[in-house]
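Each chain is listed here by its residues.
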Amino acid sequence: MSWVLEFGDPAARSAAATGGKGSSLARHFAAGFPVPPGLVVSADADRAFRKAEPDFHRALEELDLTRPEVLRRQCEAIRARLLGRPLPADLVRELSQRLPPLLAQGPVAVRSSSTLEDLAGAAFAGQHDTFLNRSTVESVLDALRRCFASLWEDRAVRYRTERGYGQEQAAMAVVIQSMVRSESAGVAFTVDPITGDAGRILINSAWGLGETVVSGDGDVDQFVLDRKTGRPLETRIAEKRKAIVAASDGTRIVEVAGERAAASSLSDRELGELWRLCLAVERHAGFPQDLEWGVAGGRVFLLQARPITKLPDRWTRDESAERFPNVIAPLTWDYAQQGLHISLTHSLRMMGLPPFEGHWFARFGGYIYGNQTAVKLFTIGFPPFENLDELRQLLPRMRERYPWVERLPASWARDLDRYLLRLGALAAIDPAGLSEDELGKLVEDLARAGEEYFLPNLAISLTHALVHSSLFRFLSLLAEPAAAAKLYDELVGYCETKTSVVNADLQELARLARRDTALERLLRQTERRAIVDGNRLSDFPAFEKTFARFLEDHGHREVDFDAFQPTWSGQPWVVLENVRLLLEQPDLPDPAARSAELREIQQRAEDRLAVLLPEDLRFFGAELVRLCRAYTALDDIEHYQTTRLNVPFRRALMELGLRLSRRGVLESAEAIFFLRRPTLEGLLAGRVSEADARREASEGALEYSRRSKEAPPWVWGEAPAAPSSGALRGLPGSPGVAEGSVFLVHSVDDFARFPSGAVLVARTTSPSWTPLFYSACAVVTESGGPLSHGAVTAREVGIPAVMAVQGILQAVADGIRVRVNGTAGTVEELSR
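These figures come from a predicted structure and were not determined experimentally.

S.K.: Explain the overall build of the protein chain here, please?
M.R.: The number of helices and strands found in the protein chain is 31 helices and 25 strands. A compact globule built from 832 residues would reach a C-alpha radius of gyration of about 28 Å, and the protein chain, at 31 Å, matches this within 12%. The C-alpha extent of the protein chain, read off along each of the three principal axes, is 100 × 70 × 60 Å. Counting all 832 residues of the protein chain, 54% fall into the buried class. Sequence-distant contacts, at least 24 apart, represent 70% of the contacts inside the protein chain between residues at least 6 apart.

This is the structure we're talking about:
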């Protein structure tokens, strides 16, 4: 098999073969984007190269990750051994044949492309080597060897460890691509990386090659464009006195003369073209993108595109208020959040979307908030077309791009049987006959059964949104807005769901009660809990039998998401309250007649749609309507079956809580829900004292009671504090606010004295400084921008950063206490 792949080769699109950068370039090249031509040396060549080095595996095992200086020397030795070895003869032979035609078009850039880069939370920004303007086969081969060796820079080894990757997982592919002799170049984010605002596109640019922007070693122009119109919302033109340009087998720094230094590095026309490129690349990927680009000869070239790996969380009730309307007990949420996160990871992998290291939902102040950043990230490509021409271009690869959409309903139905059988077996266990340890195991077994069943939950929800948004857009392209909205409502307004079955069964209970005047009077005039507690339904055996069957069928229906609250089977008077509400109506609804009416409306709507559909889109239109109905039904029944878990889960926890209350650990059985999951598990394992558990449950119950009386804020912690009048200003680099003592870092010589928790202040940073970020509470630099190494790394580490603060090195000194607001881009002195 060849180790050298052209961008147009389908095999080059695999990240496992060609790394993050190589696979992205190959995909965009094949899709017709303005990507300069090139080759990719696959990661298998790197594996063969290092496999030939004796004892290489042992050298990796001996890496000392606890002592930076030792690790630096070990990595230096590994690189020296690799750089002293010849490249595989087959690789040299193949490149000697494949490179001359590419070099005949001009010099090339040789870029590292790790198989781990651009994964969730791991951009590997600047961790590996790049060599520009190579013009001979020999210089390319030398750069290739150095790219392989750069996988073992100590900064890269430490970075992989911090991100949770094993060293043996790493392999290096290498991109060899025709150089663009850029007149200006830079980076662009298709959403604002500082605020997460999807309505803003952020662009940094400078004269010359893009290394000026990515390295952060120089001032840059910044443009913020409106996503919808491309109109500049904000413009900041810097004094760009230096530029990096191509030189013989490399680059050099040149002075930018006179007025050009203060002039915009992008014309209005180039900004417009770049705006269109950003939207097209994002739409192609179906996900927000970080682009590197260059302008040469009046054209904008795409040099790299990767998913945005980190954006600030924004927690709102937008996505959660309906699903989680009330305060949630901490134990319920600890189990639920783990299941949700496992589902998120599984669902994104199924959908071919980049992984997400954060959470979709989180609990603040007792209430559940949705991460609007995640929602925007993963739905920004919904629907995947703007007009019918784009749709027609997408149709040939629709199944390739969305393979799970047709398969998921069937695979879910197949796996449902396994879940129900497993749940039935666990529910048949009598908790009263178990020891505390066995009860703890039963709870964990139930949680695992739920997690396994719940795996595709978020994929179902996201696909539900995808197909419905696509149908609405499709209809809007075929009819006027009002007519399209009406047609959409009628096409999807009816669907056979479990909820409709439950409602029909409730209505049957009401009809049965209405036939007996005494029963109807009892249900309407007597408090419903008193009816249950007093066994008053025994006087009406026909209704009692039907009611018991209803609870047997649907008693797992939740009153509240929180397992602290019993389901219908634990609060049967709630069902009677529903029946009473139906009885208050003069005429009970006829579900069969209503279903027939809605189906007739649907049929007429389908007839109108058939008239509107172009011939080449008839099948697509019919399939889209079918999928919308299928996913509406699936979303409903998936939730209905999920709640079956509530009954045995609550019963097991209540029995465990009863045992703990009997020996004085808890005040009541229900108090178990106010423990955190690690506390409960630690208590059963003997790692947590009874006193600590008792205190946590008591405090949790008080907070639950207090929060239940409060209305939650719609947005959690959104507005940052306004900066004081004396604050220094720069460009926001990484969101958040932190306070700490300044420590000026002028070079790597200062690393050893850097105190943990200090504010790192420097003229600029470089990839070799990455370990410092894990010790710093914030970063402030005198140069660079929000897309430079320092800002990207700060966002990944999760600390605030402010870039381009002019004069910061003179304005502060070691030990001065400052507040760094990375969201607002300010640095405020607190004390000297």
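S.K.: Sorry if this is basic, but what is going on with the pairing of strand E20 (residues 737-744) here?
M.R.: Each regular strand carries side chains that alternate between the two faces of the sheet. Relative to strand E24 (residues 817-821), E20 runs antiparallel, the two sharing 5 bridges. The residue bridging Glu739 from the neighbouring strand is Arg819, located in E24. Here E20 runs beside strand E21 (residues 759-762); their pairing, made up of 3 bridges, is parallel. Of the residues in E21, the one forming a bridge with Phe743 is Leu760.

S.K.: Would you take a moment to explain unusual backbone geometry for this structure?
M.R.: Excluding glycine, most residues fall at negative phi; most peptide bonds, likewise, are trans. Each neighbour pair has its own omega, and for Phe382 with Pro383 the value is -15°, a cis peptide bond. The residue Pro383 is located in the loop between helix H12 (372-379) and helix H13 (388-394) in this model. We note that Asn133 has phi near 60°; this positive angle belongs to a residue other than glycine. Judged by its relative accessible area of 3%, Asn133 is buried. Here Asn535, not a glycine, exhibits a phi torsion of approximately 50°, which is positive. Relative to the helices and strands, Asn535 is located in the loop between helix H21 (528-533) and helix H22 (541-554).

S.K.: Teacher, can you tell me more about the packing of aromatic side chains here?
M.R.: Two aromatic rings, taken as a pair, are described by how far apart their centres are and by the angle between their planes. Per the counting criterion, the structure on display carries 26 aromatic pairs. An angle of 85° between the planes, with centres 4.8 Å apart, marks the rings of Phe324 and Phe561 as edge-to-face. In this pair, Phe324 sits in the loop between strand E14 (315-316) and helix H11 (330-350) while Phe561 sits in the loop between H22 and helix H23 (572-583), placing the two residues 237 residues apart along the sequence. An angle of 15° between the planes, with centres 3.9 Å apart, marks the rings of Tyr419 and Tyr453 as stacked. Of this pair, Tyr419 sits in helix H15 (residues 404-427) while Tyr453 sits in helix H16 (residues 436-454); the two residues are 34 residues apart in sequence, bridging distant segments of the chain. Connected via pairs of aromatic rings, a cluster forms that spans Phe287, Phe356, Trp360 and Phe378. A cation over a ring is seen here: Arg160 above Trp152, with NZ or CZ 5.0 Å from the ring centre. If you follow Arg317 out to its NZ or CZ, it ends over the ring of Tyr369, 5.8 Å from the centre.

S.K.: Would you mind showing me how to read the sheet that holds strand E5 (residues 172-178) here?
M.R.: The pairing of strands in a sheet comes from backbone hydrogen bonds and takes either a parallel or an antiparallel form. Across the sheet, which stays open at both edges, the 5 strands sit in the order E1-E2-E5-E3-E4 with antiparallel pairing between neighbours. Pairing within the sheet leaves two strands with one partner each, and these edge strands are strand E1 (4-6) and strand E4 (130-134). Across the sheet, the axes of successive neighbouring strands diverge by a mean angle of 20°, strand direction being ignored. Inspection of the sheet shows strand E3 (residues 108-114) paired to E4 by 3 bridges, in the antiparallel sense. In the strand pairing of E4, Arg111 is matched with Thr130. The strands that helix H6 (residues 137-150) touches are strand E2 (38-41), E3, E4 and E5; relative to E3, the one it contacts most, it runs at about 20°.

S.K.: Is there a simple way to think about the environment of Gly740 in this case?
M.R.: Along the chain, Gly740 falls in strand E20. Those residues in contact with Gly740 that sit more than four places away from it in its chain are Gly757, Val759, Cys777, Ile816, Arg817 and Val818.

S.K.: Help me out: how do you make sense of the pattern of salt bridges in this one?
M.R.: Should the charged atoms of two oppositely charged side chains come close, the side chains can pair. The tally for this structure, following the rule as stated, stands at 63 salt bridges. Across the pair Arg414 and Asp415 runs a salt bridge whose closest N-O atoms are separated by 2.9 Å. Its relative accessible area of 54% is what places Arg414 among the exposed residues. We classify Asp415 as partly exposed; its relative accessible area is 27%. It is possible to trace a salt-bridge network through shared partners that takes in Arg514, Glu520, Arg524, Arg528, Glu577, Arg580 and Glu584.

S.K.: How should the nonpolar core be read in this particular structure?
M.R.: In summary, soluble globular proteins display a tendency toward joint burial of nonpolar side chains. Judged by nonpolar contacts, the single largest core of 106 residues is most densely connected at Phe474, Ile672 and Leu680. It is helix H17 (residues 457-478) that contributes the most residues to this core, 10 residues altogether. Excluding residues within four positions of it along the chain, Ile672 makes contact with Leu331, Leu653, Leu656, Gly657, Leu660, Leu666 and Leu680. Judged by nonpolar contacts, the second largest core, of 39 residues, contains Val41, Cys75, Cys147 and Ala149.

S.K.: I would appreciate a short explanation of the sheet that holds strand E19 (residues 731-734) in the present structure.
M.R.: Strand order in the open sheet made by the 8 strands is E18-E25-E24-E20-E21-E22-E23-E19, with mixed pairing throughout. Of all the strands in the sheet, just strand E18 (728-729) and E19 have a single pairing partner and so form its edges. Relative to strand E23 (residues 801-803), strand E22 (residues 778-781) runs parallel, the two sharing 2 bridges. By the bridge assignment for E23, Val780 is matched with Val802.

S.K.: Where do I start with helix H2 (residues 43-51) in this structure?
M.R.: Residues three or four positions apart in an α-helix share a direction because the helix packs 3.6 residues into each turn. Residues of H2 that are buried: Ala43, Ala45, Asp46, Phe49 and Arg50. Buried residues of H2, seen end-on, are gathered within an arc of 150° and therefore sit on one face of the element.

Conventions used here
Residues numbered from 1 in each chain as written. Predicted model: local features only at pLDDT ≥ 70, side-chain atom pairs only at ≥ 80, totals over all residues. Heavy atoms only, no water. Helix = DSSP H or I, 4+ residues; strand = E, 2+ residues; numbered from the N terminus. Rg over C-alpha atoms; globule rule 2.2 N^0.38 Å. Buried < 20%, exposed > 50% of the residue type's maximum accessible area, 1.4 Å probe, protein only. Contact = heavy atoms within 4.5 Å. Pairing = 2+ DSSP bridges. Phe/Tyr/Trp six-rings, centres within 6.5 Å; stacked < 30°, edge-to-face > 60°. Lys NZ or Arg CZ within 6 Å of the ring centre and 35° of its normal. Axes fitted to C-alpha atoms, helices over the stretch in contact; angles between N-to-C directions. Salt bridge = Lys/Arg side-chain N within 4 Å of Asp/Glu carboxyl O. Core = buried A, V, L, I, M, F, W, Y, C linked by side-chain atoms within 4.5 Å. Arc of directions from axis to C-beta.

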